[in-house]
Protein chains: 2
Amino acid sequence: MLNEAVARQLREIVGEKFFRTDQEALIAHSYDGTPMLQALPDGVIYPESTEQVSEIMKIASSNLIPIVTRGSGSNLCGGTTPLQGGIVMVMHRMNKIIEVDMENLTAIVQPGVITGQFIAHVEGLGLFYPPDPSSMKISTIGGNIAECSGGLRGLKYGTTKDYVLGLTAVLANGSVIRTGGKLTKDVAGYDLTKLLVGSEGTLAVITEAILKLIPQPKTKKTMVAMYKDIYGAARTVSKIIKNQIIPATLEILDNPTIRVVDDFAKIGLPLDMAAILIIEQDGEPEMVERDIEKIHLICREEQADRIEVAADREEAEKLLTARRSAFTALARLRPTTILEDATVPRSKIADMVLRTNAIAQKYNVNIATFGHAGDGNLHPTATTDARDREEVHRVEEAFAEIFEAAIELGGTITGEHGVGVVKAPYLEWKVGEAGVEVMKGIKTAFDPLNILNPSKIFAKETKKRVVVQHG
Amino acid sequence: MLNEAVARQLREIVGEKFFRTDQEALIAHSYDGTPMLQALPDGVIYPESTEQVSEIMKIASSNLIPIVTRGSGSNLCGGTTPLQGGIVMVMHRMNKIIEVDMENLTAIVQPGVITGQFIAHVEGLGLFYPPDPSSMKISTIGGNIAECSGGLRGLKYGTTKDYVLGLTAVLANGSVIRTGGKLTKDVAGYDLTKLLVGSEGTLAVITEAILKLIPQPKTKKTMVAMYKDIYGAARTVSKIIKNQIIPATLEILDNPTIRVVDDFAKIGLPLDMAAILIIEQDGEPEMVERDIEKIHLICREEQADRIEVAADREEAEKLLTARRSAFTALARLRPTTILEDATVPRSKIADMVLRTNAIAQKYNVNIATFGHAGDGNLHPTATTDARDREEVHRVEEAFAEIFEAAIELGGTITGEHGVGVVKAPYLEWKVGEAGVEVMKGIKTAFDPLNILNPSKIFAKETKKRVVVQHG
């Protein structure tokens, strides 16, 4: 609970209307996109400037109040649930695109800008901002930066961190730092910009970002290849890269995903296929033409049962929208959907899908897998029911084994969703005890009082590693 | 001085031959590529494995011995001078290319691999590793990672940090951490990989790196445009980017540089030009053709006096080699050469060159400017004589004012050379007091005893800011 004096100070900073403690506000900000996680905050605040955030942080520091910064809360790692209460700081009022600089190909934005709207805005100017998380219609750039969001174009274009050139951020004590600039090259001290990207609101509050833009690809072309044998699909992925073609998008949907996506989007996907690849190439017309032709050939060599090139943008968009709807479509099946993002080197995609299927069978749970085959970032998704404790326990055990498998294959526990609460017990599996210690040291350097998004990234206890049965 | 017990322990780890305390070894490792900086270490050690480095660090921690890790010592910021004595750890024995993975387009290397040799090796396999610092014939990958080296291809392809996917590193206490992996997407905790890149040996000792490779561009084409008016050259740079052409290389040489480079490389550059641009585009043949044509047109619009497209690779290489020799050529003029790398947003290139010339005149010092126009990374280079204390003082004052100008124009004190000793007094100008404090906190989290490359990045005293006279 916040005492009245603190509440008054906070209202003085942002104005009466923008600090709320009513039940409606508290409940609306007690959860995020993650299932089975909820905790009430003590207040919700809506700042409109870096200065206000700085003032808020000074009060939070003096009074040891946890601050959970959030945008739309579309994250899937419990990253913005206020587990220790305190104040949820919502960045939606700071939603201006301050500048698009055509000479330096940069933009300056506030964190509350909606990703999809920003992408559309710069596309209108003939420019391109590649990071495209599936949540982009509602997610904010600030949230994308906090989580280092990826998306469908990660393989060719990288993820959010590759497009953040500079940040304005407020530290736990209220100090304001400015990192980077409109610069490709800047080695003045440690790279705080890249450190803050993906730090999940635990190191500082981001209040402004300088983003890198690139020229818009002149053209793009989209195709699907369908396989009765999932290994044919996996081999196709490897072979495309081995042939030094880097497609803009290279997505995979397994059979359970195909079924629900088609039921949801009604685009006539064949339900008897083991896997579908959605492949897009963009760039210069001649290159796109050549690459799509070569990919076509590779798909045939790998025994694709059907190969279709989208006739026009409309058809292509339908396909990509269907893919982006996979989570929503799966979510209709049963009351609770748990979407994970274990990631492996792309050469291990087939092994990972096989291991995932075997694990699902072993624990008798429903897991559909889809994701970014080209960059090895898979989304095994369990549909279950939170009220069935026994089944949920089996799902959790299955995921623990999936994380173990990913690490064994040279991968990681999370490719683009973040650690948050959900993956915290597994962090040490990936980065080791010494790695966790170093990260905790960094956290303390930035936030010695542990008021910025506490209980995230670092778990009280590391989960015991699963002994995986091979063979 | 190291006591005999410690020396014996170190010899036991690496073998008799690979720990040296003779004068020859000490003097050879008392300096690096930076002028006017020298300090004798107490010993020089040559480990051959991560395990040996770990053992060495345990002894260094227990005995509070400074460890200065180095490759070829070609840095220009005093980054590897052992200012507090201790042991210089030379990584040249760890020089294996462990693996090139054609399916994941990655390589695993030890830090002592020579950059140029690595580039040639992967090119032989049809792949491409873009970071190409001018020192690449002698510099090591480990040194490049420590300094986040850039080069001529930074504009289009980014710098070293964009190609490091994972690291094995030994912490000050001897613990080994492994970060990242063969993964485009990995958000398991803070991004230690990117934090270690550019950390100048102050946070950990890098003993292995996973590098990202990309397909080799199918073709490239090189041209020069020569200007009697430097602003024509600067406007050309801005206009190229504004037209959404991102050349692979876009270099500028001012008149003093043209003169010495031509005297050195004898390639017949016209000595009456105010500036020369060297422009290279690579990629798909049709795109390269179109881009070069369009650039040609822009150069003409901006009143270039001569425009020449290199007839073949040999002619192009001659041009690029001449550019790479700028430092060497300038170094022949007078006993001491001080090469800086103030960096500005690319739209400010012309302003920065003008300001640099005015500052050189004001302090009556010789400064030639060349550098990476496309990414705003300029190398104003002073030729002077270390024995002339008064002149050297004027050079230092001039550079302080150049750094101030760069920051005023939205730039930074160092684009690709690092902070080291030389820029440490200016770090706060760029990152602010709060930024320096946060960085010091990170340093303490990694290296609480301050034994890893002490006296680097953080200065005892920040230089007073110059009041710049405008107009």
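Each chain carries its own residue numbering, running from 1 in the written order of its sequence. Chain letters and ligand numbers both follow the written order, the letters beginning at A and the numbers at 1. Only residues with pLDDT of at least 70 get local features here, since the model is predicted, and only at 80 or more are side-chain atom pairs given and counted; chain-wide, interface and lining totals rely on the full set of residues. The basis for every side-chain value is the complete set of heavy atoms in the structure, and neither hydrogens nor water enter the calculation.

## Side note on the overall build of chain A
Then comes step 1: Elements are defined by DSSP. Helices are runs of H or I of four residues or more, strands are runs of E of two residues or more, and each kind is numbered from the N terminus. A tally of regular secondary structure across chain A gives 15 helices and 18 strands.
Then comes step 2: Here the C-alpha radius of gyration of chain A, 22 Å, is about what a compact globule of 471 residues would show, namely 23 Å.
Then comes step 3: In this scheme, a residue with accessible area under 20% of its type's maximum is buried, one over 50% is exposed, and one in between is partly exposed, where area comes from a 1.4 Å probe on protein chains only. For chain A, buried positions account for 64% of its 471 residues.
Then comes step 4: Contacts were defined at the residue level, with two residues in contact if any of their heavy atoms lie within 4.5 Å. Within chain A, counting contacts between residues at least 6 apart in sequence, those at least 24 apart form 73% of the total. With C-alpha atoms as the basis for the radius of gyration, the globule rule is written as 2.2 Å multiplied by the number of residues raised to the power 0.38.

## A few points about the UniProt feature "domain: FAD-binding PCMH-type" (unreviewed entry) in chain A
Then comes step 1: UniProt positions are given in the numbering used here, feature names are shortened, and annotations may be inferred rather than shown by experiment. If you check UniProt for "domain: FAD-binding PCMH-type" (unreviewed entry), the listed places come out as residues 37-216 of chain A in our numbering.
Then comes step 2: Secondary structure content for residues 37-216 of chain A is 22% helix and 24% strand, while the C-alpha to C-alpha distance between its ends is 40 Å.

## Re the packing of helix H8 (residues 230-242) of chain A against helix H13 (residues 349-362) of chain A
Residue and element names in this part refer to chain A.
Then comes step 1: Look at H8 against H13: their axes get within 8 Å of each other, and the N-to-C directions meet at 150°. As judged from the angle between their axes, H8 and H13 are roughly antiparallel. Where H8 approaches H13, its residues Ile230, Tyr231 and Ala234 are matched on the opposing element by Ile349, Ala350, Val353 and Leu354.
Then comes step 2: Among the residues forming the contact of H8 with H13, the class breakdown is 7 nonpolar, no polar and no charged. Think of each axis as a best-fit line through the C-alpha atoms, taken over the contacting stretch in the case of a helix, with angles from 0 to 180 degrees between the N-to-C directions. Put simply, angles under 35 degrees are roughly parallel, angles over 145 are roughly antiparallel, angles from 65 to 115 are roughly perpendicular, and the rest are oblique. Under the scheme applied here, ten amino acids are nonpolar (Ala, Val, Leu, Ile, Met, Phe, Trp, Tyr, Cys and Pro), four are charged (Asp, Glu, Lys and Arg), and all others, including Gly, are polar.

## Points about the domain arrangement of chain A
All names here are of chain A.
Then comes step 1: Each assigned domain of chain A is listed with its residue range as follows: domain 1 (97-215), domain 2 (219-328) and domain 3 (334-417).
Then comes step 2: Placing the centre of domain 1 and that of domain 2 at their C-alpha centroids yields a distance of 29 Å.
Then comes step 3: Facing the 9 residues of domain 1 at the interface are 13 residues of domain 2.
Then comes step 4: Throughout, buried area stands for the accessible area (probe radius 1.4 Å) lost by two parts on being put together, summed over both. Around 940 Å² of area is buried between domain 1 and domain 2 when both sides are counted, 52% of it from carbon and sulfur atoms.
Then comes step 5: Lysine 156 is the partner of aspartate 282 in a salt bridge, and the nearest nitrogen-oxygen pair spans 2.7 Å.
Then comes step 6: Contacts described as polar in this section are N or O atom pairs within 3.5 Å, which, within protein, must combine one atom able to donate a hydrogen with one able to accept it, while residues neighboring in sequence count only if both atoms come from side chains. Across the contact surface, domain 1 and domain 2 share 5 residue pairs in polar contact (both at pLDDT 80 or more).
Then comes step 7: Top element by residues in the side of domain 1 that touches domain 2 is helix H6 (residues 154-157). It accounts for 3 residues. Domains are outlined according to an automatic or database domain assignment. We define a salt bridge as a side-chain nitrogen of Lys or Arg found within 4 Å of a carboxyl oxygen belonging to Asp or Glu.

## Thoughts on the interface of chain B and chain A
Then comes step 1: Of the residues lining the interface, 82 residues belong to chain B; the matching set on chain A comes to 82 residues.
Then comes step 2: Summed over the three residues of chain B that lose the most area to chain A, namely B:Lys185, B:Val187 and B:Tyr190, the buried surface amounts to 16% of that side.
Then comes step 3: The interface formed by chain B and chain A contains 10 salt bridges.
Then comes step 4: Residue B:Lys430 is joined to A:Asp186 by a salt bridge in which the shortest nitrogen-to-oxygen separation is 3.7 Å.
Then comes step 5: At the boundary of chain B and chain A, one finds 31 residue pairs in polar contact (both at pLDDT 80 or more).
Then comes step 6: Contributions of two or more residues to the side of chain B that touches chain A are made by strand E9 (176-180), helix H7 (192-196), helix H8 (230-242), helix H10 (285-301) and helix H15 (427-446) of chain B.
Then comes step 7: The element that contributes the greatest number of residues to the side of chain B that touches chain A is H15(B), accounting for 12 residues.
Then comes step 8: Its residues placed into classes, the side of chain B that touches chain A shows 34 nonpolar, 30 polar and 18 charged.

## Things to note about the packing of aromatic side chains
Then comes step 1: Ring pairs shown here join Phe, Tyr and Trp side chains whose ring centres sit within 6.5 Å, with only the six-membered ring taken for Trp; geometry is labelled stacked below 30 degrees between planes, edge-to-face above 60, and tilted in between. What the rule picks out here adds up to 14 aromatic pairs over all chains.
Then comes step 2: Between A:Phe403 and A:Tyr426, the ring centres sit 4.8 Å apart and the planes meet at 70°, which makes this aromatic pair edge-to-face. Of this pair, A:Phe403 sits in helix H14 (residues 389-408) while A:Tyr426 sits in the loop between H14 and helix H15 (427-446); the two residues are 23 residues apart in sequence, bridging distant segments of the chain. Each of the two residues, A:Phe403 as well as A:Tyr426, counts as buried.
Then comes step 3: On the basis of an interplanar angle of 75° and a centroid distance of 5.1 Å, the ring pair of B:Phe118 and B:Tyr129 is categorised as edge-to-face. Of the two residues, B:Phe118 sits in helix H4 (residues 115-124) while B:Tyr129 sits in the loop between strand E7 (127-128) and helix H5 (141-147), which places them 11 residues apart along the sequence.
Then comes step 4: A relative accessible area of 0% means that B:Phe118 is categorised as buried.

## What about the side chain of B:Thr343?
Then comes step 1: You can see B:Thr343 is positioned in the loop between strand E16 (336-339) and helix H13 (349-363).
Then comes step 2: In this structure the side chain of B:Thr343 is engaged in a polar contact, spanning 2.9 Å, whose partner is the side chain of B:Asn377.
Then comes step 3: Once you skip the residues sitting within four places of it in the chain, B:Thr343 turns out to touch A:Leu183, A:Lys185, B:Asp375, B:Gly376, B:Asn377, B:Leu378, B:Ala406, B:Gly411, B:Thr412, B:Thr414 and B:Gly415.

## Quick look at the relation of the copies chain B and chain A
Then comes step 1: Least squares is the method used to superpose the copies, on C-alpha atoms of residues holding a pLDDT of at least 70 in both. You can overlay chain B on chain A at an RMSD of 0.0 Å; the transform is a turn of 180° with a shift of 0.0 Å along its axis. Viewed as a symmetry operation, the transformation between the two copies matches a two-fold axis. Among all residues of chain B, the minimum C-alpha distance to the rotation axis is found for B:Ile442, at 2.8 Å.
Then comes step 2: Interface overlap between copies: 100% of the residues of chain B at the interface are likewise at the interface in chain A, consistent with a symmetric, same-surface contact.

## Quick look at the sheet that holds strand E17 (residues 366-372) of chain A
Residues and elements named next belong to chain A.
Then comes step 1: When DSSP finds two or more bridges between two strands, those strands count as paired. Ordered in space as E15-E12-E14-E13-E17-E18-E16, the 7 strands form an open sheet in which the pairing is antiparallel. With one partner strand each, in any of the chains shown, strand E15 (306-309) and strand E16 (336-339) form the two edges of the open sheet. Each neighbouring strand pair of the sheet contributes to a mean axis angle of 15°, computed without reference to strand direction.
Then comes step 2: Where E17 and strand E18 (residues 377-384) come together, 7 bridges link them in antiparallel fashion. Among the inter-strand pairings, histidine 372 is bridged to a residue of E18, identified as asparagine 377.
Then comes step 3: The sheet contacts of H8 involve strand E12 (219-227), strand E13 (249-254) and strand E14 (275-283), and relative to E14 the element is tilted by about 20°.
Then comes step 4: Contacts from helix H9 (residues 255-265) reach E13, E14 and E17, with the element oriented near 95° to E13.

## Brief notes about the sheet that holds strand E3 (residues 67-70) of chain A
Note on sheets: strands pair through backbone hydrogen bonds, and any given pair is parallel or antiparallel.
Then comes step 1: With mixed pairing, 4 strands are arranged side by side in an open sheet as E1-E2-E4-E3 (chain A). Pairing within the sheet leaves two strands with one partner each, and these edge strands are strand E1 (19-20) and E3 of chain A.

## Here's the deal with the environment of B:Ala350
Residue and element names in this part refer to chain B.
Then comes step 1: Turning to its location among the elements, alanine 350 is positioned in helix H13.
Then comes step 2: Relative accessible area serves as the criterion here: at 14%, alanine 350 is assigned to the buried category.
Then comes step 3: Taking the C-alpha atoms as reference points, alanine 350 and valine 436, separated by 86 residues in sequence, lie 30 Å from one another.

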